[in-house]
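Chain by chain, the residues run as shown.
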Amino acid sequence: MGMTDLKIGFIGCGGIAAHHLNQLISLSVKPIAFCDIDRSRASSFAQRVGAGSVYTDYHDMFEKERLDAVWICIPPFAHKDEVVIAAEKNVNVFIEKPIALDIATGKSMVNAIRKYKVKSWVGYHWRQYDGVQRARTALMREGGRIGLIEGYWWGWIPSTIGGWWIKRDMSGGQVVEQTTHIFDLARFLCGEIGTVYTEMDTILHVDIPGFTIEDVGVFTLRFVNGAVGVISNTSAAQPIGGTVGLKVVTKNLQLEISSQSAKIYKGMESTEIRHSVNPYFEEDKKFLKSIVENTDTEIPIEEGLRTLAVTLTAVESWRRKTPVKVEEVLSQT
Ligand SMILES: NC(=O)c1ccc[n+]([C@@H]2O[C@H](COP(=O)([O-])OP(=O)(O)OC[C@H]3O[C@@H](n4cnc5c(N)ncnc54)[C@H](O)[C@@H]3O)[C@@H](O)[C@H]2O)c1
């Protein structure tokens, strides 16, 4: 069976799903079933590929279709039993970050994926940039001890997304929904995070009705390997002032990662590796390939649970006003 023979469904046909659909179409893969609580969105996806069944409830979709894989692209609060049902039906799962808003739901996903031995991939696409992978290789080969990590997501309220983004009970806040990419990148490059201490507040968007998440946040990290780090986020940057990335200082190297490139500094030399791949294309292509070739995936559901746990630890620290261990949050049931 080749990639183009796979029967694929979508749950959630909004902004990021359209992006994934484009990647699949460019791989000559045509999904056959589309589900969105907003029927018109699912219909427009079906029209885009020329045909396809339309659903407003994924339970119906899993009942009626025999799928090989599903792309789950729903907002954080909407995650319930869709991964568990997919796994029970032997459907491989591509899921966008964050995988859920609580550890129990995340664990139910991990357990089902393991029990039914289906493949999973979480959409932490920053790991797919070629510059990031080259930087990681440099870190492992010649970086030496890691000392300091500084990450940042200084942006704005995403305009294309529905009103759920600004509500804590729906998105989890910027740290859980968006800055999760930087926490995941920090884990990918520098190893596991042991404790998090958070200061965050709503200071700059107090005039926006219904805005219940942080608009400024600082997260102090201690990595298991002893390194210290800080990640900050805001959704109140000026349109011209956004900056997203991660810097690392090790014994022998210094790294600076952005969505454009990875810079590696060593002594008096600096190398800039411009990213040359579309990371969304890479993740979609590799996931399909792992299904066809029956190989392990690079970012299985366990990785999504771990990064979720770190960001939920950040929120827990803010609530308790004290540093919190990631393992404590991860052990929640
Ligand atoms: N990796 C990335 O770069 C990236 C970028 C954007 C969004 N995302 C993630 O993707 C997810 C979706 O974000 P988006 O920007 O596409 O949001 P969106 O609001 O544009 O689209 C979400 C869609 O899901 C539908 N939906 C909600 N509940 C549903 C349910 N129970 N069943 C079926 N459909 C349902 C909505 O009607 C909507 O069409 C979020 O978790 C977000 O964090 C990832």
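Residues numbered from 1 in each chain as written. Predicted model: local features only at pLDDT ≥ 70, side-chain atom pairs only at ≥ 80, totals over all residues. Heavy atoms only, no water.

(A) Representation of the overall build of the chain in the model. Secondary structure summary: the chain contains twelve helices and 15 strands in total. Relative to a compact globule of 333 residues, whose C-alpha radius of gyration would be 20 Å, the chain shows 20 Å and is just as compact. Counting across all 333 residues of the chain, residues that qualify as buried make up 52%. Placing the 37 positive and 39 negative side-chain charges of the chain at their respective mean positions leaves the two points 4 Å apart. (Helix = DSSP H or I, 4+ residues; strand = E, 2+ residues; numbered from the N terminus. Rg over C-alpha atoms; globule rule 2.2 N^0.38 Å. Buried < 20%, exposed > 50% of the residue type's maximum accessible area, 1.4 Å probe, protein only. Lys, Arg positive; Asp, Glu negative; His and termini not counted. Charge placed at Lys NZ, Arg CZ, Asp CG, Glu CD.)

(B) Main features of the sheet that holds strand β11 (residues 243-250). As summarised here, the arrangement of the nine strands in space is β14-β13-β12-β11-β7-β10-β9-β8-β15, forming an open sheet in which the pairing is mixed. The sheet is open, and its two borders are formed by β14 (269-274) and β15 (324-325), each paired with just one other strand. Where strand β8 (residues 193-201) meets β15, two bridges bridge the pair, whose relative direction is antiparallel. Bridge pairing links Val196 to Val324 in β15. The strands touched by helix α6 (residues 130-143) are β11, β12 (254-258), β13 (261-266) and β14; relative to β13, the strand with the most contacts, the crossing angle is about 25°. Seen against the sheet, helix α9 (residues 180-190) touches β7 (146-154), β8, β9 (216-223), β10 (228-234), β11 and β12 and runs at an angle of roughly 160° to β7. (Pairing = 2+ DSSP bridges. Contact = heavy atoms within 4.5 Å. Axes fitted to C-alpha atoms, helices over the stretch in contact; angles between N-to-C directions.)

(C) Structural context of the packing of aromatic side chains. A full pass over the atoms with the stated rule returns twelve aromatic pairs. Relative to Trp71, the ring of Phe10 lies with its centre 6.3 Å away and its plane at 25°, an arrangement referred to as stacked. Here the residue Phe10 occupies a position in strand β1 (residues 8-11), and Trp71 occupies one in strand β4 (residues 69-72), the gap between them amounting to 61 residues. Accessibility classification places Phe10 together with Trp71 in one group, the buried group. (Phe/Tyr/Trp six-rings, centres within 6.5 Å; stacked < 30°, edge-to-face > 60°.)

Read these as layout, nothing more, since geometry by itself doesn't imply function.
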